[in-house]
Every structure is written in structure tokens, then in C-alpha cells.
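# Fold and geometry: a report
Listed below, chain by chain, are the residues.
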Amino acid sequence: MVDLSVDIGALKLANPIMPGSGTFAEGMEQVVDLNCIGAFVAKTITPEIREGNPQPRVTELKNGMIGSIGIPSKGPEHFIREIVPFYNRFTPPFVASVSASSAEEFGELCAQISVEGVDVIEANISCPNLKRDGEAFGMRCADTTDVLEEIKKRTDLPVWAKLTPNVGNIGEIAQAAEDAGADALVVANALLAMAIDTETFRPKLGNVMGGITGPVVKPIILRMAYQCAKAVDIPVIGCGGVATVADVAEYMLAGCTAVQVGTASFVHPTAMINIIDGLADYLEGQGLNSVTNLIGAMVEPGNNAEGVVEAPSIRTVGGGNEGGGV
Amino acid sequence: MVDLSVDIGALKLANPIMPGSGTFAEGMEQVVDLNCIGAFVAKTITPEIREGNPQPRVTELKNGMIGSIGIPSKGPEHFIREIVPFYNRFTPPFVASVSASSAEEFGELCAQISVEGVDVIEANISCPNLKRDGEAFGMRCADTTDVLEEIKKRTDLPVWAKLTPNVGNIGEIAQAAEDAGADALVVANALLAMAIDTETFRPKLGNVMGGITGPVVKPIILRMAYQCAKAVDIPVIGCGGVATVADVAEYMLAGCTAVQVGTASFVHPTAMINIIDGLADYLEGQGLNSVTNLIGAMVEPGNNAEGVVEAPSIRTVGGGNEGGGV
Amino acid sequence: MREIGGTRNISGPFQHAPDSDSECLKPIAEMICPVFDHQWLNDDYKHLVVEAPVRALAAQPGQFFHLLCRESDDVAPYLRRPMSVYRIDRDQGRIEFLYKVVGEGTRILAELKPGDGLNAVGPLGRGFDLSSKPEHILLLARGVGLATLAPLAEAARERGIGVDAILSARSSDVLMSVDYLRQSSAIVTTVTDDPDDTHGDSGVDKVEEMVRHIAKEKGTGLFATCGSNRLLQMLRKVGVELGISGQVALEQQMGCGLGMCYCCVRPFQNTVGEIDYRRVCIDGPVFDLQETVSW
Amino acid sequence: MREIGGTRNISGPFQHAPDSDSECLKPIAEMICPVFDHQWLNDDYKHLVVEAPVRALAAQPGQFFHLLCRESDDVAPYLRRPMSVYRIDRDQGRIEFLYKVVGEGTRILAELKPGDGLNAVGPLGRGFDLSSKPEHILLLARGVGLATLAPLAEAARERGIGVDAILSARSSDVLMSVDYLRQSSAIVTTVTDDPDDTHGDSGVDKVEEMVRHIAKEKGTGLFATCGSNRLLQMLRKVGVELGISGQVALEQQMGCGLGMCYCCVRPFQNTVGEIDYRRVCIDGPVFDLQETVSW
Ligand SMILES: Cc1cc2nc3c(=O)[nH]c(=O)nc-3n(C[C@H](O)[C@H](O)[C@H](O)COP(=O)(O)OP(=O)(O)OC[C@H]3O[C@@H](n4cnc5c(N)ncnc54)[C@H](O)[C@@H]3O)c2cc1C
Ligand SMILES: Cc1cc2nc3c(=O)[nH]c(=O)nc-3n(C[C@H](O)[C@H](O)[C@H](O)COP(=O)(O)OP(=O)(O)OC[C@H]3O[C@@H](n4cnc5c(N)ncnc54)[C@H](O)[C@@H]3O)c2cc1C
Ligand SMILES: Cc1cc2nc3c(=O)[nH]c(=O)nc-3n(C[C@H](O)[C@H](O)[C@H](O)COP(=O)(O)O)c2cc1C
Ligand SMILES: Cc1cc2nc3c(=O)[nH]c(=O)nc-3n(C[C@H](O)[C@H](O)[C@H](O)COP(=O)(O)O)c2cc1C
Ligand code: FES
Ligand code: FES
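Thresholds applied
Position labels on residues start from 1 in each chain and follow its written sequence. All chains are assigned letters beginning with A, and all ligands numbers beginning with 1, in the order in which they are written. In keeping with the model being predicted, local features are shown solely for residues with a pLDDT of at least 70 and side-chain atom pairs are shown and tallied solely at 80 or more, while totals for entire chains, interfaces and linings include all residues. Here the side-chain values reflect all heavy atoms present in the structure, with hydrogen atoms and water set aside. Fitted lines through C-alpha atoms serve as axes, helices being fitted only where they are in contact, and the angles separating the N-to-C directions of these axes extend from 0 to 180 degrees. Runs of E in the DSSP output that reach at least two residues are strands. Runs of H or I that reach at least four are helices, and both are numbered from the N terminus. Should an angle fall under 35 degrees it is taken as roughly parallel, and over 145 as roughly antiparallel, whereas 65 to 115 is taken as roughly perpendicular and any remaining angle as oblique. Two residues qualify as a contact provided that any one of their heavy atoms is within 4.5 Å of a heavy atom in the partner residue. Three residue categories are used. Nonpolar comprises Ala, Val, Leu, Ile, Met, Phe, Trp, Tyr, Cys and Pro, charged comprises Asp, Glu, Lys and Arg, and polar comprises the others, including Gly. Only residues with pLDDT of at least 70 in both copies contribute their C-alpha atoms to the least-squares superposition of the copies. If a single non-hydrogen atom of a residue is within 4 Å of a molecule or strand, that residue counts as near it. Side-chain atoms alone can form a polar contact between residues adjacent in sequence; in general such a contact is a pair of N or O atoms within 3.5 Å, and within protein one must be able to donate a hydrogen while the other accepts it. How far each domain reaches was decided by an automatic or database domain assignment. Values labelled buried area give the accessible surface lost by two parts on being combined, using a 1.4 Å probe and summing over both. Think of a salt bridge as a Lys or Arg side-chain nitrogen and an Asp or Glu carboxyl oxygen that are within 4 Å of each other. Whether two aromatic rings pair depends on their centres lying within 6.5 Å, for rings of Phe, Tyr and Trp, where Trp uses its six-membered ring; planes under 30 degrees apart make the pair stacked, over 60 edge-to-face, and the rest tilted. Partly exposed describes any residue whose relative accessible area lies between the buried limit of under 20% and the exposed limit of over 50%, with all areas from a 1.4 Å probe on protein chains only and scaled to the type maximum. At least two bridges found by DSSP between two strands are what make those strands a pair. Convention used here: a crossover is right-handed provided that the path from the first strand, over the helix, to the second strand proceeds clockwise when the strands point away from the viewer. For the purposes of this section, nonpolar cores are sets of buried Ala, Val, Leu, Ile, Met, Phe, Trp, Tyr and Cys residues that join through side-chain atoms within 4.5 Å. Given a helix with a known number of residues, its expected span is that number minus one, times 1.5 Å. Only the protein chains shown count as cover for residues, and the accessible areas themselves come from Shrake-Rupley with a 1.4 Å probe.

All names here are of chain A. The contact between helix 5 (residues 218-231) and helix 6 (residues 245-253) brings their axes to 9 Å, and the two run at 30°. Our classification of the angle between helix 5 and helix 6 gives roughly parallel. Contacts between helix 5 and helix 6 pair Lys-218, Ile-221, Leu-222 and Ala-225 from the former with Asp-247, Glu-250 and Tyr-251 from the latter. Within the contact of helix 5 with helix 6, the residues separate by chemical class into four nonpolar, no polar and three charged.

Laying chain A over chain B is done by rotating through 180° and shifting 0.0 Å along the axis; what remains is an RMSD of 0.0 Å. Considering both components of the superposition, the chain copies are consistent with a two-fold axis. With an isologous cut-off of 70% or more, the 100% of interface residues of chain A that recur at the interface of chain B puts this contact in the isologous class.

Within the structure, ligand 4 sits among 23 residues, and Ser-21, Thr-44, Lys-162, Gly-241 and Thr-263 of chain B are positioned closest to it. Residues lining ligand 4 come from chains A, B and D. Measuring from a nitrogen atom of ligand 4, one finds a side-chain N or O atom of Thr-44 of chain B at 2.5 Å. In the model, an oxygen atom of ligand 4 is placed 2.4 Å from a nitrogen or oxygen of the Thr-263 of chain B side chain.

Bringing the domain arrangement of chain C into the picture now. All names here are of chain C. Domain parsing of chain C yields domain 1 (8-124) and domain 2 (128-243). Here the C-alpha centre of domain 2 lies 27 Å away from the C-alpha centre of domain 1. If you look at the interface, domain 1 gives 13 residues, while domain 2 gives 17 residues. Surface buried jointly by domain 1 and domain 2 totals about 1,300 Å² across both partners, of which 58% is contributed by carbon and sulfur atoms. When residues of domain 1 are sorted by the area they lose upon contact with domain 2, Tyr-45, Pro-61 and Tyr-86 head the list and together hold 44% of the total. Counting across the domain 1 and domain 2 interface gives one salt bridge. Arg-87 serves as the salt-bridge partner of Glu-154, at 4.0 Å between the closest nitrogen and oxygen. On the surface where domain 1 and domain 2 come into contact, there are four residue pairs in polar contact (both at pLDDT 80 or more).

Residue and element names in this part refer to chain A. With the rule as written, the count across this model stands at 24 aromatic pairs over all chains. Between Phe-24 and Phe-40 the ring centres are 5.8 Å apart and the planes differ by 15°, which places this aromatic pair in the stacked class. Residue Phe-24 is found in the loop between strand 3 (17-19) and strand 4 (40-45), and its partner Phe-40 is found in strand 4; the two are separated by 16 residues along the sequence. Of the residues examined, Phe-24 reaches a relative accessible area of 2% and is grouped as buried. Judged by its relative accessible area of 0%, Phe-40 is buried.

What follows concerns the pairing of strand 7 (residues 94-98) of chain B. All names here are of chain B. Taking burial as the measure, the five residues of strand 7 include five buried ones, the bulk of the element. Here strand 7 shows no split at all, with Phe-94, Ala-96 and Val-98 on one side and Val-95 and Ser-97 on the other all buried. Examined bridge by bridge, strand 7 and strand 8 (residues 120-124) share four bridges and lie parallel to one another. Paired with Ser-97 across the strands is Glu-122, a residue of strand 8. Assessed by its sense of winding, the connection that carries the chain from strand 7 through helix 2 (residues 103-113) to strand 8 is right-handed.

Another aspect to go through is the sheet that holds strand 5 (residues 87-89) of chain C. The strands making up a sheet are joined through hydrogen bonds of the backbone, oriented either antiparallel or parallel. All names here are of chain C. The strand order across the open sheet built from seven strands is 4-3-7-1-2-6-5, with neighbouring strands paired in antiparallel fashion. A strand with exactly one partner marks an edge of an open sheet, and here the two such strands are strand 4 (81-84) and strand 5. Pairs of neighbouring strands in the sheet enclose a mean axial angle of 35°, with direction left out of account. Relative to strand 6 (residues 94-100), strand 5 runs antiparallel, the two sharing three bridges. Bridge pairing in strand 6 places Ile-88 opposite Ile-95.

Okay, the nonpolar core next. Membership of the largest hydrophobic core comes to 325 residues, with the highest contact counts inside it found for Leu-185 of chain A together with Leu-185 of chain B. Excluding anything up to four places from it in sequence, Leu-185 of chain A contacts Ala-161, Leu-163, Ala-174, Ala-177, Cys-228, Val-232, Ile-234, Pro-235, Val-236 and Ile-237 of chain A.

Quick look at the sheet that holds strand 7 (residues 117-124) of chain D now. Residue and element names in this part refer to chain D. The antiparallel open sheet is built from seven strands, whose spatial order is 4-3-7-1-2-6-5. The open sheet has two free edges, formed respectively by strand 4 (81-84) and strand 5 (87-89), since each of these has just one partner strand. Taking the axes of each pair of neighbouring strands and ignoring which way they run, one obtains an average angle of 35° across the sheet.

Taken together, the contact between chain A and chain B spans 92 residues of the former and 92 residues of the latter. The contact between chain A and chain B buries some 7,200 Å² in all, and 61% of this surface belongs to carbon and sulfur atoms. For the interface between chain A and chain B, the tally reads two salt bridges. Arg-140 of chain B serves as the salt-bridge partner of Glu-172 of chain A, at 3.0 Å between the closest nitrogen and oxygen. On inspection of chain A and its partner chain B, the count reaches 18 residue pairs in polar contact (both at pLDDT 80 or more). Sorting elements by how many residues they give to the side of chain A that touches chain B places helix 5 of chain A first, with six residues.

Residues and elements named next belong to chain B. Taking 1.5 Å as the rise per residue, helix 8 (residues 271-285) with 15 residues should run 21 Å; its terminal C-alpha atoms sit 21 Å apart, in good agreement. In terms of burial, helix 8 is a largely internal element, 11 of the 15 residues being buried. Turning to helix 8, its buried residues are Ala-271, Met-272, Ile-273, Asn-274, Ile-275, Ile-276, Gly-278, Leu-279, Ala-280, Tyr-282 and Leu-283. Next to the buried residues of helix 8 lie strand 3 (17-19), helix 6 (245-253), strand 14 (258-261) and helix 7 (264-267). Trailing helix 8 by a residue or two, Gly-287 shows a phi angle of about 70°, which is positive.

With that out of the way, let us pick up the site of ligand 2. Residue and element names in this part refer to chain D. The environment of ligand 2 is made up of 21 residues, and the closest members are Arg-81, Pro-82, Gly-105, Thr-106 and Glu-251. Interatomic distance of 2.7 Å between a backbone N/O atom of Pro-82 and an oxygen atom of ligand 2. Contact between ligand 2 and Gln-253: an oxygen atom at 2.9 Å from a side-chain N or O atom of the residue. Coverage of ligand 2 by the protein amounts to 82% of the 830 Å² it exposes when considered alone. Those elements that provide at least two residues to the shell around ligand 2 are strand 4, strand 6 (94-100) and helix 2 (104-109). Looking at the shell around ligand 2, the element that brings in the most residues is strand 4, giving four residues. For the shell around ligand 2, a count of residues per class yields 10 nonpolar, six polar and five charged.

Further remarks concern the side chain of Arg-278 of chain D. All names here are of chain D. Looking at the secondary structure, you find Arg-278 in strand 15 (residues 275-279). When its relative accessible area of 15% is taken as the criterion, Arg-278 is described as buried. A distance of 2.5 Å separates the side chain of Arg-278 from the side chain of Glu-291, its partner in a polar contact. Residue contacts for Arg-278: discarding those within four places in its chain leaves Cys-264, Val-265, Arg-266, Phe-268, Gln-269, Asn-270, Asp-283, Phe-287 and Glu-291.

This is how it looks when you write it as C-alpha cells:
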């Protein structure tokens, strides 16, 4: 038997597959056995009650979508009263996701929801910081530090920082989060994008810009997860375009300990359980007996296991490729 | 007859279609009539002679590719001797593209190639800054300013700054470039990405990370072009995933004055001339007599031309969506 | 039919069919339904009959299935398309859809041939509610809204409720299902936008007259409508005046179909006039007529 | 055939066929070539014959075409696939390819039926060079390398040059084109890895013996090879010893095929042993045997 369990800090998951926040809700219980999933991640809640963005909220791409939902939220009381008890009927650990407009509000909200039945708090720091003219907390090291320090002061629960991919040097932000006490990182939220109807000249989203999700973003987010895993010692959870077993393997080879599945569940509500089943088969095929054998197991070029001579090396200038020149 | 011409500062282009640097070379002359194209953009050159990155240099995606070429360069002498005279046989303006490891080297190189026959210099600031541990110039406002100021000191030619998309707030970088004297912006270079072979556990690129290009990146780069066009008064040239007339229209509606076509020319060497032909038809269909009518003509939500009442507006917190939350 | 997996035609990229035992008790399935029949009714509308497992046959009028409209490995369209249940044949174990080909998804759907597999998730949403036990209901459908209302006539007949149906359409060649409704003992009136044909006039004023006439004559206890915003507004007004409650099936673009993504919200008003946003996929698609707002 | 546009099968998403007058004089075309014939030769190899415009018929042995391997609107595979010219039939206006089905691109290519359109760009690259006017050439092909070398035999015959060809393969059922080569007056020797069959032994030592024997007997002036790194190394060594020059057709994954992207570089050495990187698509695919390096 292949061992699918992974540890995220002190938390043990039966398998490394969990939903992405906002792409999973109670409705899923009507389709699949929730006890099969590695962990539950709830939709982000905010301190205040919000309705979200104007319609249209979604536009399709060839292999993904752009969404601008705007985090509708019923607030913490509703969360504690309705959502937490619902998930506590099942065995997997339960992750709450929070967002707020200031570091203090983040801390306050986390204190409020640190109740029996919540196992982890995921801080969604992709939301606009009102003090920075709407720029997200996760776009600056200093703001990332502020939010996480404030949260760590107000709760004893493990805290995962969910980073935004709309940054330059994501390793830097990852380090700031680790230094401020984050217990794990989720890499990452959605990539900001837009689309315009060339017949009507109108934006395809009511909010003009939205977050791109689904398989199209995987190569970009995978690169970020790899950079973060190199930058920090805490576990990294990959999130972006996971739809197949191979996607999970790619993220784990790049250094992730687990993954979150988002948009794929819209297309196939059974995606997560299909992946969990398929993962065991894949590992068996690879002759591995634990999914943890994948973590960070990518062979770096030059590290040639078989000792074969590589092609003559080519002169390059500068080590990095952070600028993304081709 | 529809007027396809656009002005980029003092430079007049017969049409808004030009190639992206590094996706176009003399070989194209064997396939299409180069005089049809709006402008030529040469492959980036560096002060030193470089061979580029190890193989494999390319891996495919469903609707694009990841490349890690590493800017092979034969240096400025070869450029002046061979490349400039080649393009001067044709009528469209000629744009040189440069890159270097320090602001001083950028300036020096621009001085060297400011020769008869070069109409514009495009500064590819996605390349690693040796003083910043390999981080690209275009990832920081200060470095962007340094490079452009240095270049402007050393040449009288118009200078376009080609931004990297691997940043958080691209509008900020755009402003820095404008303030430092850039005459136009090219938005943007390639998005950093990676892919791993889940059978061999090896990265699919010799350099591990590479730049993602082609249709898959369009919604992301379009958003950045839109943000830049809002942030600056100089012309913005869109570059990322342009393959059809609709893509050109989308970039121009978002505020761009022209576009660059990159990877699409690999798939269809005739892509640029097909787009130029189709653009006139599209404009006629829209009842427009000049392509400049498209520039920035996207209807912002709320600006309802027909005076129709919009759906009841929904409460949102914070104006921006820079963090990319869905 | 299989409940998961398979790669033929409009199926998904499943690599492994999960052990379906654990899910057998779940009310909603992701399943591959073999196509039994698929016919064009006219230039725009197609009638699709698929075989479905028992739990899918529990679908109620007004509920919908979320259909994957792609060829096997294709990436587009990426999201599913919602389609109302047009008819459930519990004896034969079949579900029927009636749909209009309008864009990429329905165009690909239209290519399904008998024997192919349709990947469907459902049944989804809240259907029509006859628990108020009206003695008579009046159905008012415009265009393809008919697909959604038709099964309600049969459900009403089973409960001994009288049914009148007014079908409105652009022209007479898209007035479908008149026979199916009449089999369900509904009294059917047809109106079109075409002044030259033999049907009634579809002008909202004319239809309002008919509605008032039928409601008075038959003692209508419930209005049900789908397919036209103008008819919805009219019916809301008449409902208030005559004190007749109503239900409407609404549409909205969807992401998940399961209440998870909040892509499909629409504004509603409660009894004191406060606006809130509800999810069409799980709070609806059938809503109280008086709680809708104009847009 | 049309030179641009068209949407049937392996064609591109062209929205507008450009006025092709201006390009008619260009040596390289992007064109839609109607498929004339397409047959499996064995389990892995397929032979494709397409109709092509006059300028494409100018292709020389060793040159290649860059083929779009997608169904019309499909997005994958995104890049083209390079395929050598296997045969040019100038009288009939046809170009032939011989290829092995190995992955996604060739699998989709293999689905083309007569009458379908193949979107091809070419002719591309530098082919074999017979300008040294050798009296005899020796071709050494392994596997599908044969597809690239075969037309050189015909070109040699036209110039009155004697040809010996050694064809090496895994087993006898993939030894194709022996007849085509013999028609081109080549003397053909076949060797396989299978010790039980009637062909010669494909071991490099054995092949080296044959090469030395033929070279001595026939006064070979040029070696040409394709398809095996080990045979290439052997031929390079023998070439140096016997003072016989050589040419090799190399492969590399490609982006543009036109010398623009630098995806396809490989290391080479010049006469003083300095390494440089050359583009297979435009500096090759045929290179001087002695300038290659081991990898
Ligand atoms: C609950 C429900 C039940 C429905 N039942 C039926 C039915 O029985 N028969 C029928 O013909 N149609 C029905 N529709 C409408 C049907 O879903 C759309 O016509 C279909 O999604 C259009 O897809 P397309 O790709 O062909 O069109 P496109 O225009 O290409 O679709 C573009 C995008 O718009 C969305 N979209 C477009 N129109 C609608 C719409 N009206 N509702 C939701 N999303 C839309 C699509 O999901 C897609 O994302 C129903 C809609 C809902 C919400
Ligand atoms: C100049 C040239 C001429 C060729 N002529 C022939 C020929 O006549 N007959 C024949 O059978 N094959 C020939 N090949 C090889 C042929 O191009 C590959 O087999 C084909 O590209 C594989 O595509 P695929 O999608 O089926 O395989 P995949 O394995 O799915 O391809 C994956 C990726 O690898 C690339 N790739 C894989 N193998 C090669 C290769 N050997 N060369 C270049 N790119 C490769 C593909 O472009 C693609 O990006 C030639 C290659 C070159 C460079
Ligand atoms: C409709 C939708 C709503 C989302 N809502 C949230 C949210 O509330 N909080 C959050 O942190 N991420 C949210 N996300 C982002 C996802 O959790 C995930 O980061 C993203 O979708 C990328 O993963 P994917 O490519 O697998 O979908 C949302 C995504 C979608 C598509
Ligand atoms: C193979 C390749 C090489 C490139 N080389 C350069 C380069 O030398 N300088 C540069 O500024 N951009 C370079 N680019 C980036 C392109 O100019 C362009 O910004 C990018 O490809 C996005 O456009 P596209 O999606 O249309 O391809 C290169 C892109 C590719 C694919
Ligand atoms: S479609 Fe996802 S909530 Fe309704
Ligand atoms: S394939 Fe582009 S340079 Fe050779």
C-alpha cells in the first residue's frame, strides 16, 4: 500500500489534496464523500458582510476562467454558527480562510474565529489594503509582515499565508511571511487578468479585472511555488491549475507538501477524489511507497543521477532569470 | 479606405503591427513582404557576445510555449555591420533592442548603436541586474529609472522601455519609466514559468525556468497594458499572445497604440500580414475609419452609452483589485 | 451508463474511475449518460434524450443538469452549461433536454450522436414548488423557457391540478411541445410575434388580457413563468393585483452549479424591499415571482 | 492547393487570406497542401504524399517542411513539427514525407485523409551539398534517418554520382524504401539488430567494416548520414582516417524553423576546435560531419 499522508507542521493530512478557498462549499457534500479529502478549506470570510462584485462575474478562457466575485461574505457570526458545525461532522481537518482591510482587522477576525472545530487559519492576503490605496497586503513584504504578526498575536492556531501571485519576487514575500510566523504558505491566489468584448467594446467582467484560474496558470504558479519552496523552510502548498495527478506530482516535485484544487472542481465535482485515487496508482508506477518521496525530488540540471556526461555547458550571464526574459 | 496608421511619438507607422524582439529575424524576408509590416524590432543584443542557455530551450503548452533562450548575442559590431543594413533595404522603421548588466553598460551600448538606420531603441529591462543579485532591472522603479536616465543621456533616439510582467504593481514601473524619459512602453516581456517531467523528474527546460509566451498569456498581459495605459501619457505598445485581429483590437481598446506579435509568427509566419489585412476588414465592420478610434475606447462599466439603467450596484470594499483575488 | 469515467465524446479527462460505492448514496452524481436519441426540432432547437441512473431520475421540474460540452481532451468550452430537465421518463430510465443552439457549448452539444456519452452533473437546484396545493396553475413560457416549464404540467396532472399554458414565441415554427403539454392535460394557447400567422398576438398587453381572463375563469392559484423579462414583470403586477402567488425560473451564467463559486448571483428583494443577492444554481433557479427585481 | 488560408483539418486559424501576389516571389511559403495519399508502411511509419505549389517543389534533399499538426481550431500541439523531404515528384507536383508516429503531433498528423489540407511552411534549411562533385557517395541511415537520406540518392543519380546505401534498423519490418533507393540506382545493404533475420548485423563494428570496404572499393568521395549518434561518431573517425569528407543531417526541437528563435541550437566545433552554437533549422539541418561534437 502506498502511503498518501503528509504533515503540514503538526497537522497530519490523510492525503495532500484539499480544495482552494472559494471553490468549495457545503454543496460538494451532495456529490462526493467528504471524508476522502485531505482537508477542508472554507470560503474566505471578512469581518463585515459583503455582497461582492457586479455581474458578469465570470468569463471563460480556452483552458480556465477569469472570475471577479469580490468575496461575498456573511461575516464571522454566520461562519461560527453555520459553517464550522457543518464541517465538523466529517473527519478531515478544517481550515478557515480570512481577509480584512487592515492588519488589526485581520487579527481581530482571527481571534473571533479561533473556536473549537477550526484547525488552521488561512490568511488570504491578496485582498486590498485600505492604507495602500487598494494594493494587496501580499504585494509588499512590510504589509505581509504586519498582517501575519498581528494574526499570530491574536490566535494560537496554525496560520497559513496565502500569497498573491501578482508580485515580482515572490520568494521575498514568502520569507517575510515565514519570518513573521506563518506555519505554511499557500502559493498562490489568482493572477490578475482581463478580457474585452471586441464587438461591444465592453469589458467581459463587471469589475473589469478579475483573477485567472484553472489549468492555464499552472506553469506560472508552479514556478512561484518552486521559488517559495527554495526560499523558506516551512511547508508550501501549491495552488493553481491542479486538475490531474500529474499536476499534483509536478507541484510536489517542485517542493510542495500538498496542493489545493480550485476551478477543476467546477468542471468535475469529482476531480479531487479522482486525483486522490489516481495518485496512489501513479506512485506505485514510479515504485515509490510514500507520496512524501515526491517532495522536492525534481532533479536539478547538472545533478545527473546516472553520471552521464551532460551537453557542453553554455555561457550565460548572471545566475537568475527572475526577469522572465525568454 | 480605412486608415491603419498610428503615431508613436514622432514616429509614424503605416500600421500598428510589429514583431516582438527575438521572434523575428532576417529569415522572415524569405516568407513575407517585409514592407507590409508596421515596424521591425530586432533581437535583443548585449554588449558582450553570448551563446545563451543550455538545451532544452523550449517546451510546449496547450496554447503557448515556455522558452529559455538566454539572449544569445553577437554583440554591437556585428549588429551595425550586418543587421542594420539588412533592414534598411525596407521602408518600415527599424527598432534596435538592447540589454546589459548595468545601467552604465546599457548607456554605453545605446551610444554605440545610435547609428544611421536605427530609428528607435527598445530597452529590454527584463534582464538580470548584476548589482541586484540577478533580479531584473524592470522589477524595481529605482533600477528602471537608472537604466532609462543613463540611456537618455547617451542617445538622441526615441527610447522604448520594454517592461517585465514579473512585477506587482506594473503601473508604478510604467510611471518610473515615463518620468525617466521613456518615449513609449512595450508591455510586456514573457511571464516566468516552469514545467517538470513527472516521469523523469527533470525540469523540461535546461534552465529550469523560462518565459511563457503565446495566446495563454494574453488576459494577464492585457490587464497590465491597461494598467500602464492608465498610469502614463506616453504610448503603450501591447505585447503578449497577439495572434488574431481580435487580440489587436483588445489591446488597443485597453489603451494601446500598437502591438507586437511574437510566438504567433512561429506557428504562422504569415500571422502579421494576415492580421494587418484582417484589421482593415474588422474596422470597416465596426464602421470605424481609423484604427486610432480603437485606442482606449473600451467602455468602462457605468459609462453606458445607450443610457440604459445598469443592474443595482453591489457593495464592494476598496476600489482596487490589484491583489488578484477572484 | 457509468457514473464516472469514460472518455468517449463529451466526457471528462478522468484518469481513474473512483470506487463508486461510497458515492452511491449521494443525491447528485457526475455521470456519463449514453445518448438514446437526439433530433433537431427546427433550425435552432434540439431535443436530447439520454439514459440516466436512478438517482438522476429523481429530478424535479425546474431542476437542471450541468452538462460538459466538450470533445474528450478538448479544453474548450472550459465550463459546463446548465440545462433544465425537459422531461423525465422514469419507466424507461431516461432524461430529456430541449435546448437552443446559441453558442460554442450548445454547438458542440448538438454534435452528440446516439451511443455517445454525455457527461452530466445533477440533478441540481431548487425546482418548482406545488406544496401550496393550488387547484389550477397557469404556465407562461416564452421561447426556450418552455423547456423549463413543460415538466411542471405533467407534475401538476399527477397531483390533479388543472393547467393552462400560454406559449409565446417569435414565430410559429418555434412553438414546440404543444402536443407534449396537451398529453399532460394542459389547455394550451399559442401566441407569436408574427401578425400574419394563425396564432394569437404575443404583445404583452394581449397576453395580460389572456392571463387575467384565465385566472378569473379557472381560479388560478399559482403562476409559473420562464423565458421573458417583460412577461415576468407583467405577471408580477397581475399577481399582486389578483393576490395570486407566482414562481419564476431564472437564468444566470454559472461556474460550479453547486453553490460554491458565487458566479451566478442575481439581485432579489425581500418582503420589506431590501435587496440581497442569491445564487441561481442553489437558491434557485426557481424563485418567488414577487421577490425578483427589475434589471 | 492554396498558399494561405483555409480551415479544413490541419490548417490554421486564418481569418483572412492575404492577397498572395506580393508573396508569390518569396522562396518560402506557408501553404495548404491537399493530401493525395497517406498510407501506413508498418505499425510505426507512415508515408504521406501531398500536392504542393511550384516553389515548394524546389526543395532539395536534406531540406525540410514545418508542419502544423492540429485540427482546425485546436490549440495543441501549439508548435509545428519539422519533417524532411522524402521525395519530390516535380512532374506530378507532389512532395512526399516518411515519418514515424512518436507523439502527439505525429499522431494527429497520421489522421490526415486524402483531400484534407496540410498546412506546411517550407522548404526550409540547408540541404546536402554535392558541389564537391564526388564520384561516389556512401549513405548511412539508421531508422527514420532514411527519410532524410533517400532523396539524396536520386539527386546523386541525376548528377551521375554512384551511390551505396547502408540501411540500419531495429528489425527487418522497418527497413523501408529499399526499392525506392534501388530505383535511384543505389546499391543497398540492409542490417538489423535482429540476429535471427537474413539481413546483416547492425553492430557498429560490423557496419564500420562495410563502410571501409565500400569506401576503398568505390573510391567514395562523400559520406552522408542521419539517424544515429553512434554511427555518426564512427563515420567521423573513419572519415578522418581515410580523408573522406562527410555531411550529417541533425535533429533538434524547433520553435520557428526560420532562424528567428534560437530554440534549435546545437554545439559545433570549428577547425581549431572552438565550440560554437548553430541553429539546426537555418544553419543546417545538414552540417559538416567533422564539425559535430559528441554529446
Ligand atoms: C438553470 C438554467 C437552465 C437552463 N435551461 C435551458 C434549457 O432547458 N434550454 C436551453 O436552451 N437553454 C437553457 N439555459 C440556457 C443555457 O444554459 C445557455 O443557452 C447555454 O449555456 C449557452 O451556452 P453556449 O456555449 O452555447 O453559448 P455562449 O453564448 O457561447 O455562452 C457564453 C457564456 O455565457 C454563458 N451563458 C450564455 N447564456 C447563458 C444563459 N442564458 N444562462 C446561463 N449561462 C449562459 C455560458 O455558460 C458561457 O459561459 C438554461 C440556463 C440556466 C441557468
Ligand atoms: C530537420 C528535421 C527533420 C526531420 N525529419 C523527420 C522525418 O523525415 N521523419 C520523421 O519521422 N521524423 C523527422 N524528424 C523528427 C520529427 O520532427 C519528430 O519526430 C516530431 O517532431 C515528433 O513530434 P511529436 O509531437 O509526434 O512527438 P513528441 O514527442 O510529442 O514531441 C514533443 C516535443 O519534442 C519535439 N521533438 C521530439 N522529437 C523531436 C525531434 N527528433 N526533432 C525535433 N523535435 C522533436 C517536438 O517538436 C515537440 O516539441 C525531423 C526532425 C528535424 C529537426
Ligand atoms: C470563483 C472563485 C472564487 C474564489 N474565492 C476565493 C476566496 O474567497 N479566497 C481565496 O483565498 N481564494 C479564492 N479563490 C482562489 C482559489 O482558491 C485558488 O487560489 C485559485 O482558483 C487557483 O487555483 P485553481 O487554478 O485550481 O482554480 C477563488 C477562485 C475562484 C475560481
Ligand atoms: C524564442 C523567443 C525569444 C525571445 N527573445 C526576446 C529578446 O531577445 N528580447 C526581448 O525583449 N524579448 C524577447 N522575447 C519576448 C517577445 O518579444 C515577446 O515579448 C513575448 O514573446 C510575448 O509575446 P507573444 O506572446 O506574442 O510571443 C522572446 C520570445 C520568444 C518566444
Ligand atoms: S454557479 Fe457556482 S454558485 Fe452558482
Ligand atoms: S527553430 Fe527557431 S531558430 Fe531554429
